[in-house]
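If you want the building blocks of each chain, they are given just below.
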Amino acid sequence: MKKFVLIASILFIAGCGSDTSAPQTATSAPQTATSVPETDADLNKKFLIRDPKDVVLAKNNKQLTKAMNLVGGEFTTIVESDGECAQRTQLFSDEISDQARFNLEVIFGKKFDQLNNNDIKQMISLNLQSEDTLDWSQATFGDTKVPRTDLSSYDGIEYLTCLQWLKFGDSLSRDFTFLRNLSEIRFLHAQFLTLGYFRIVDLQSMTKIESIILPNRFLQLPALAQFNSLKNIVASNSATCNIKPLLAMPNLEYLDLEDSQYHTSIKLQENRMNYPFTMTADPSGQYLQLLTKGGTRRFNAEPDFTLSEEETEGTHYNKRYLMEVMQSIYEIAPDIYDVIIFVGNEDESFASYSGEATMISNNTPGIGDPIWSAADCYGSEGRLRGMITFPSPQHLFSVDEYSWNSPFTHELLHLWGGGNLLPYSEDTKGIFTGGHWGVTSADGILGGFNKGFLEEVETNVYRVNYFSHNGNAGLERSLSPLEQYFMGILPADSVPETVIMRGVQQTVNSKGEKGNSCEAYGYEWWDGSCFKADSKEILTVDHIIRVFGERSHEGNVEISMLVVAVSEESLTDREWEQITQPISWLSSNQYSTPTDYKILDPIWKAANVDKPKNLYDASNGAIKVVFPKPEIAR
């Protein structure tokens, strides 16, 4: 049985107050810059000043000019195509889909039957960026203007085997396997791929590539070191602190890491932030508590990305502050956890979100996300998979007349890729989405409908059971087959087909409001969900494996967690119980019993609904959770 360590709730506590439940061990997080090993310090210095190669962390005017020219396609050698690249296309031997045929006609501006090898040879540049996409760069290379081509899918691009210059617009899919055929690429611009990113395996044929502008938060930056031809890399907001492999590249001239995790780590080494905190153990030694200025109302404040970095100090979405807090955990606790959970010490809910998961690394093939790690940025040598924050204990478990609710399992599933396992999905407004199942028949905790209820009530109008595209509420639900598969507890041959809806649009209710009402089609407002869609597709697990590889079947999984409470003062026994009671039930390695329900819901509000399921129950006993004591260093 493979074991994962999950750091359960870390409670952040701000201030210096003390009471009868003072922690057994108190270790203050350092408030000044930590010492850096001499070799790393010398290396960082070399990175920043070496000439002619630069690591750009904050652009001056000269560097800004180069960055603008680079994303426009300059500094890349474009050559006249030979006949060999055109000979490699399978366009004239494959059976071409209708969508690929349509896309190729748009790209070439002629009928499909008129295409020949010379067209493939001459097609050396392609700009997929829409006219309405904000971009301050010019779509050019050399003196040649590259026309924009607005497509709705990537079908057919795999046949353009002479392409040297390729610029993406917004994501159209998470399937980038078509890039494996484009071995002539020299310039690749992917900055606008916001909801999906290619994997290094998709680029491996590009042995001539010279310049690459990576998607936001690119995950596999160190792996680019295998491309010896690369001269220019723009990796803003990339998620790694390990850039040493890149600096050994023989031809690299320009490396832009502005606002990357590496950039954040350098800033943290140079200057700690001004929001003091103390990390301590609780009286039992089982959990940690973070005592921080402003407590959980500051730490779990509503994300506001319009604010400056200084204005967001002390919040969980400030990268530098979170990095400092996480590193302080590993200064007093061993690197034995898969997940760290922060729970706010507040009696009442104060935030609009109930939980938030942040993936920090992935070493599991076949779950949609690539193999990557930023664990070292946070103080872990690679074990840490991610973190989850809950603003208050009220968000861990709640109950009303109709249902039991908790985001615990939902957020945990995000740390194993979540809805990114599907190459394509749309939300109820028809927008390409990720992280959740969207308008598909995945029918899980992360959303999706039940395929058994799908019916076409009018042409291109569909009715299903009531569902949400970004997560189905209620604790009575088990993990769906797709969710069991990416967690490693269901073999691939047991995963059923999934229906994918494309061109989704909302319906209109009796008040003229857009949504998922079925009223316009003879049903009551509460009787299921309706939506319009241009088409539906059947997706098999074989297709998922072709795109992402196969998720190995482990049978049983053990996850190790650490709980950290967030507060302004040390927790009392009662406050600890408010956190540990729901956590203990949610992560219990036993099936739920009526006794559990009465403890969680003393007045038995939801007695007439289906029983709630903790993680063990929802996985049919296949997923277990452990809470090893942090064994605080003294």
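Please refer to the structure higher up on the page.
Residues numbered from 1 in each chain as written. Predicted model: local features only at pLDDT ≥ 70, side-chain atom pairs only at ≥ 80, totals over all residues. Heavy atoms only, no water.

Some remarks on the state of the cysteines
Evaluated as defined, the whole model comprises 3 disulfides. Across the disulfide from cysteine 85 sits cysteine 162; the S-S distance is 1.9 Å. The chirality of the disulfide connecting cysteine 85 with cysteine 162 is right-handed, given an S-S dihedral of about 95°. Of this pair, cysteine 85 sits in helix H3 (residues 83-87) while cysteine 162 is found in the loop between strand S7 (144-145) and strand S8 (165-167), placing the two residues 77 residues apart along the sequence. A relative accessible area of 1% places cysteine 85 in the buried class. Cysteine 162 gets classed as buried once you look at its relative accessible area, which sits at 0%. Each disulfide pairs two cysteine sulfurs, and for cysteine 518 the partner residue is cysteine 530, the sulfurs being separated by 2.1 Å. The sign of the 110° torsion about the S-S bond sets the cysteine 518-cysteine 530 disulfide as right-handed. With cysteine 518 in the loop between strand S26 (514-515) and strand S27 (529-532) and cysteine 530 in strand S27, this residue pair connects regions lying 12 residues apart in the sequence. Disulfide partners in the protein chain, listed by the sequence order of the bonded cysteines, are 1-2, 3-4, 5-6. (Disulfide = S-S within 2.5 Å. Helix = DSSP H or I, 4+ residues; strand = E, 2+ residues; numbered from the N terminus. Buried < 20%, exposed > 50% of the residue type's maximum accessible area, 1.4 Å probe, protein only.)

Here we look at the sheet that holds S8
The 7 strands lie next to each other as S4-S12-S11-S10-S9-S8-S5, forming an open sheet whose pairing is parallel. Looking along the sheet, the strands with just one partner apiece sit at the ends: strand S4 (54-56) and strand S5 (125-127). Across the sheet, the axes of successive neighbouring strands diverge by a mean angle of 5°, strand direction being ignored. Relative to the sheet, helix H2 (residues 61-71) contacts S4, S8, strand S9 (187-189), strand S10 (211-213), strand S11 (232-234) and strand S12 (254-256), its axis offset from that of S12 by approximately 95°. (Pairing = 2+ DSSP bridges. Axes fitted to C-alpha atoms, helices over the stretch in contact; angles between N-to-C directions. Contact = heavy atoms within 4.5 Å.)

A word on the packing of aromatic side chains
Scanning the entire structure with this criterion turns up 23 aromatic pairs. Ring pairs connect the aromatic residues Tyr154, Phe168, Phe176, Phe178, Phe198 and Phe218, which therefore count as one cluster. A cation over an aromatic ring shows up here: lysine 293 above the ring of tyrosine 275, its NZ or CZ 4.9 Å from the ring centre. Seen from the ring of tyrosine 523, arginine 463 lies directly overhead, with NZ or CZ sitting 4.1 Å from the centre. (Phe/Tyr/Trp six-rings, centres within 6.5 Å; stacked < 30°, edge-to-face > 60°. Lys NZ or Arg CZ within 6 Å of the ring centre and 35° of its normal.)

Comments concerning the environment of aspartate 347
Tracing the chain through its elements places aspartate 347 in the loop between strand S15 (339-344) and strand S16 (356-359). Residue aspartate 347 is classed as partly exposed on the basis of its relative accessible area, which comes to 42%. In this structure, the C-alpha to C-alpha distance between aspartate 347 and glutamine 394, residues 47 residues apart in sequence, is 7.2 Å. If sequence neighbours within four positions are ignored, aspartate 347 has contacts with Gln394, Arg574 and Gln578.

So, the sheet that holds strand S23 (residues 461-464)
The strand order S22-S23-S27 describes an open sheet built from 3 strands, whose pairing is antiparallel. With partners counted over all chains shown, the strands left at the sheet margins are strand S22 (455-458) and S27, one partner each. Here the average twist between neighbouring strands, direction ignored, is 35°. For S22 and S23, the ladder comprises 3 bridges, and the chain directions are antiparallel. Bridge pairing in S23 places glutamate 458 opposite valine 461.

Structural notes on unusual backbone geometry
Positive phi outside glycine occurs at aspartate 443, with the angle close to 50°. Residue placement: aspartate 443 occurs in the loop between helix H11 (408-414) and S22. With a phi close to 65°, asparagine 460 is a non-glycine residue in the positive phi region. For asparagine 460, the location among the structural elements is in the loop between S22 and S23. Residue classification places asparagine 460 among the partly exposed residues on the basis of a relative accessible area of 33%.

Re the pairing of S23
Burial of the side chains of S23 extends over both faces: Val461 and Arg463 are buried on one face and Tyr462 and Val464 on the other. The hairpin formed by S22 and S23 contains 2 residues between the paired strands, and asparagine 460 there has a positive phi angle of roughly 65°. In this structure, S23 lies alongside S27, joined through 4 bridges in antiparallel fashion. When the sheet's bridge partners are listed, arginine 463 is paired in S27 with cysteine 530.

Digging into the nonpolar core
If you look at the biggest cluster of nonpolar residues, it comprises 93 residues, and the most contacted ones within it are Met326, Ile329, Phe342, Leu412, Phe486 and Val564. Membership of the second largest hydrophobic core comes to 56 residues, among which are Val55, Tyr154, Leu203 and Leu255. (Core = buried A, V, L, I, M, F, W, Y, C linked by side-chain atoms within 4.5 Å.)

Overview of the packing of helix H8 (residues 261-270) against helix H10 (residues 319-332)
Running from N to C, H8 and H10 point in directions that differ by 70°, and their axes come no closer than 9 Å. Between H8 and H10, the angle is such that the two are roughly perpendicular. For the pair H8 and H10, the sense of crossing is right-handed. Where H8 approaches H10, its residues Gln261, Thr264, Ser265, Lys267 and Leu268 are matched on the opposing element by Lys319, Arg320, Met323, Glu324 and Gln327. Of the residues assigned to the contact of H8 with H10, the class counts are 2 nonpolar, 4 polar and 4 charged. (Parallel < 35°, antiparallel > 145°, perpendicular 65-115°, else oblique. Left-handed = near helix turned anticlockwise from the far one by under 90°. Nonpolar A, V, L, I, M, F, W, Y, C, P; charged D, E, K, R; others polar.)

Side note on the pairing of S15
Extensive coverage of S15 is indicated by the burial of 6 of its 6 residues. Burial along S15 is two-sided: Val339, Ile341 and Val343 facing one way and Ile340, Phe342 and Gly344 facing the other are all buried. Note that S15 and strand S29 (residues 557-567) share 6 bridges and pair parallel. In the sheet register, valine 343 faces S29, and the bridge partner there is alanine 565.

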